[in-house]
Amino acid sequence: MTTLNLSATSAARDITYRKIAWRLMPWLMLCYLCAYLDRVNVGFAKLQMMDDLSLSETVYGLGAGIFFIGYFFFEVPSNLILHRVGARRWIARIMITWGVISALFAFVETAWQFYLLRFLLGVAEAGLAPGLLLYLTYWFPSHRRARMTVLWFVAIPLSGMIGGPLSGWIMATFAGFHGWAGWQWMFVLEAIPTLVMGFVVLLVLKDRVEQAEWLDDDEKRQVRADLDEDNQQKACHGTVKAFVADRRLWLLALIYFCVVMGQYALTFWLPTLVRNSGVSEPLHIGLLTSLPYLCAIIFMLLAGRSGDRHRERRWHLIVPMLIGLSGLTLATLLSHNVSLSLLSLCIAAAGILSASSLFWMLPTNLLGGVSAAAGIAAVNCIANLAGFFSPWLIGSITTATGSPASGMYFIAAVLLGGALCVLRIRAADVNR
């Protein structure tokens, strides 16, 4: 084939995948934005809810983390069901269920009610993140997927940018309206977009390339051929025993566990860290917490593009983890200076959230077929136990010492350990 023909074919491929990205990625981003909006808001509710209900930091930390216990037990079954029945119906089910449960937080009065709803929220949402990751493997081959994964993960900092100011504004504006506290209105109003998106998903998503009426037959064949070629290089476990015995899965889970420890330290404690630097008004806290997320978006997009261009995956994960732990450490050391603390939190968010998205190029480049469905979910659910341990440990350490500094130093050490573990992954296995 001539160079001209190769260039034409490459250009046609680019147009096809750009078309797929424009049709799918905005909706996938909105789904995940809703998910993280419901995670960010509990950090803001803490600013008022704990005092109103006379709950301690330890209760908040345990309640924030118990979400991931329900998440843990239902993650793998949820992803296997999605692989069987299709993403469209199952993602819609997830979103509608968790939207209803999220709104019910407005009626919490006791610690046990808080624990129960957090657990049920985890059960309802289980499978969304790995389901969407698996869904990307149905449409994009490995060498095009880092940018799409990062673009999708941009919903996390975007939810922080939107959710912070929005939560602060709702809590300040609606406080006392019809006898409800601001945090109660926040839970109800912020659940509405999730419910709406659940029904939208039923209308707009397609389960497979072959169902996409917006692709012509040649485009469908090209994408199918690219995906089939990509999947030939991935592992498919023949038995459950072989799946469980694959040490790489456990190493991946350990690495992501470390990343998630840092991610949820930011998610659940960023408003508190900003308040500890000397800012008191909820709206001002919300506005300031949007800045680290803005920095994270820029860094994530650049890192994702670099990873695909160089087809290198390990150091594109290690470096952001090191940046993230440096930012957390500096934010703790400079906690009494608003400007320097905020700058440090920007560095921390850029590194940690980039690592959270770029990590997924490792398992999705290693696994294919049903092994991908189970493996992505297994790695995610085991690692997301960090979502339980991170707020619980930080809350317990804060209660015991009276300062969040020790907890943040612990999270920084965990990120360092995770970065070292990445070096145990063979470059040849993931650099595609």
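Residues numbered from 1 in each chain as written. Predicted model: local features only at pLDDT ≥ 70, side-chain atom pairs only at ≥ 80, totals over all residues. Heavy atoms only, no water.

Heads up, the condition is: UniProt positions are given in the numbering used here, feature names are shortened, and annotations may be inferred rather than shown by experiment.
In the nomenclature of an unreviewed UniProt entry, the chain is known as MFS transporter of Candidatus Pantoea gossypiicola. Recorded in UniProt under Subcellular location (unreviewed entry), the annotation for the chain is "Membrane".

**Focus: the nonpolar core**
Soluble globular proteins tend to pack their nonpolar side chains together in the buried interior. So the rule is basically this: By convention a nonpolar core is built from buried Ala, Val, Leu, Ile, Met, Phe, Trp, Tyr and Cys residues, the set being connected through side-chain atoms within 4.5 Å. Relative accessible area decides the class of each residue, using a 1.4 Å probe on protein chains only: under 20% of the type maximum gives buried, over 50% gives exposed, and in between gives partly exposed. The helix and strand labels rest on DSSP assignments: H or I over at least four residues marks a helix, E over at least two residues marks a strand, and numbering proceeds from the N terminus. What makes two residues a contact is simply this: any of their non-hydrogen atoms within 4.5 Å.
Within the largest apolar cluster, 134 residues are counted, with the highest numbers of intra-cluster contacts made by Tyr 32, Ile 91 and Trp 139. Of the residues forming this core, the biggest block, 19 residues, is contributed by helix H1 (residues 3-52). Contacts of Tyr 32, omitting those with residues within four sequence positions, involve Leu 128, Ala 129, Leu 132, Trp 152, Phe 153, Ala 155 and Ile 156.

**Considering unusual backbone geometry**
Despite not being glycine, His 178 shows a phi value in the positive range, around 55°. Examined against the element boundaries, His 178 turns out to sit in the loop between helix H7 (155-173) and helix H8 (182-204). Even without glycine at this site, Arg 311 takes up a positive phi of about 50°. Within the secondary structure, Arg 311 is located in the loop between helix H12 (282-310) and helix H13 (315-333). Among the residues examined, Arg 311 registers a relative accessible area of 44% and is labelled partly exposed.

**A word on a nonpolar patch on the surface**
Put simply, the rule is: Like charges are joined within 9 Å and nonpolar side chains (Val, Leu, Ile, Met, Phe, Trp, Tyr) within 5 Å, but only among residues with over 30% relative accessible area and no salt bridge; these make up the patches. All accessibility values rest on the Shrake-Rupley procedure with a 1.4 Å probe; residue burial counts only the protein chains present in the view. Basic side-chain nitrogens of Lys or Arg form a salt bridge, by our definition, when they fall within 4 Å of a carboxyl oxygen of Asp or Glu.
A cluster of nonpolar side chains, contributed by Trp 315, Val 319, Leu 322, Leu 416, Leu 420 and Leu 423, occupies part of the molecular surface with about 530 Å² of accessible area. Listed by contribution, the elements that provide at least two residues to the nonpolar patch are H13 and helix H18 (405-422). For the nonpolar patch, the element with the highest residue contribution is H13, accounting for three residues. Looking at the secondary structure, you find Val 319 in helix H13.

**Comments concerning empty space enclosed by the protein**
Filter applied, for reference: Only protein atoms enter the 1 Å grid used here, on which a cavity is any set of points holding a 1.4 Å probe that cannot leave and a pocket is any open set flanked by protein within 12 Å on both sides along at least five of seven lines; residues with an atom within 4 Å of a point are listed as lining. Grid points are joined across faces, edges and corners, and a volume is the space filled by probe spheres set on the points. Gly is placed with the polar residues, together with every amino acid not listed as nonpolar (Ala, Val, Leu, Ile, Met, Phe, Trp, Tyr, Cys and Pro) or charged (Asp, Glu, Lys and Arg).
Evaluated as defined, the whole model comprises three cavities of 30 Å³ or more. Reported here for the largest cavity is a volume of approximately 70 Å³. Surrounding the largest cavity, 16 residues form its lining, Tyr 32, Tyr 36, Tyr 256, Asn 380 and Asn 384 being those nearest its centre. Taken together, the elements giving at least two residues each to the lining of the largest cavity come down to H1, helix H5 (128-137) and helix H11 (247-276). Examining the composition of the lining of the largest cavity, we find that four residues originate from one element, H11, more than from any other. Looking at the lining of the largest cavity residue by residue, the classes come out as eleven nonpolar, four polar and one charged.

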